[in-house]
Amino acid sequence: MRHVNSRGWSRRFWYSLGSWSLMVCSRRSAGYSHTQRTEVKADRSALTSNVIKSIRDPEKPNTLEELEVVTEKCVEVQELGEDEYLIIIRFSPTVPHCSLATLIGLCLQVKLQRCLPFKHKLEIYISEGTHSTEEDINKQINDKERVAAAMENPNLREIVEQCVTEPDD
């Protein structure tokens, strides 16, 4: 049984092992109802999808969305705290031995870090079973030091910029 008072504090009462026990979970939910938090997460997910869908493939003239490397379904949003979110992206390279999977992950990192207007943490993964070295690549694209070092390389930075720049820019 759950009770919520007018200030948004909640209490849960549990019945356990034949005797009554009281468990009080006091939590302030930043003034948002469950429905409102769900809507905010959906909005964050849609915004994230819109940001990544225009990233261009490093080798082809297509976007990652056109190649189905990223889709709306590949974005997951979790609430970490008041107005802070964990954004998880799971992308699927076009072939299991794609040599540019790390570069695609780097492009996703750079574009999202630049464009998302809300406080977030970012995790990017290759979808399970879609690449032959997914574990190694996942570690590499989620390592802040490696991402920073990669962006210091002028040739690599130029390729990333070409991929993440909007067509109208």
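In this report, we go over the structure that sits alongside the text. Here the structure is a predicted model, which is why all the values come from computation and not from measurement.

**A closer look at the side chain of T63**
Link 1 in the chain: In this structure, T63 sits in the loop between α1 (34–52) and β4 (75–81).
Link 2 in the chain: A relative accessible area of 16% means that T63 is categorised as buried.

**Let's talk about the layout of surface pockets**
Link 1 in the chain: Here the largest pocket defines a volume of roughly 240 Å³.
Link 2 in the chain: Around the largest pocket, the lining residues are Q109, V110, Q113, H120, K121, L122, E123, I141, N142, D143, K144 and V147.
Link 3 in the chain: Elements supplying a minimum of two residues to the lining of the largest pocket: α2 (101–115), β6 (119–126) and α4 (144–152).
Link 4 in the chain: Looking at the lining of the largest pocket, the element that brings in the most residues is β6, giving four residues.
Link 5 in the chain: In terms of residue class, the lining of the largest pocket is built from four nonpolar, four polar and four charged.

**Observations concerning the nonpolar core**
Link 1 in the chain: Counting residues in hydrophobic clusters, the biggest one holds 37 residues, and the most contacted among them are I52, I89, F91 and L108.
Link 2 in the chain: With eight residues, the single largest contributor to this core is α2.
Link 3 in the chain: Once you skip the residues sitting within four places of it in the chain, L108 turns out to touch I52, I55, L64, V70, I89, F91 and I124.

Quick notes on the rules
Residues numbered from 1 in each chain as written. Predicted model: local features only at pLDDT ≥ 70, side-chain atom pairs only at ≥ 80, totals over all residues. Heavy atoms only, no water. Helix = DSSP H or I, 4+ residues; strand = E, 2+ residues; numbered from the N terminus. Buried < 20%, exposed > 50% of the residue type's maximum accessible area, 1.4 Å probe, protein only. 1 Å grid on protein atoms, 1.4 Å probe; cavity = no way out; pocket = protein on both sides within 12 Å on 5 of 7 lines; lining within 4 Å. Points joined across faces, edges and corners; volume = space filled by probe spheres on them. Nonpolar A, V, L, I, M, F, W, Y, C, P; charged D, E, K, R; others polar. Core = buried A, V, L, I, M, F, W, Y, C linked by side-chain atoms within 4.5 Å. Contact = heavy atoms within 4.5 Å.

Geometry only, nothing functional implied.
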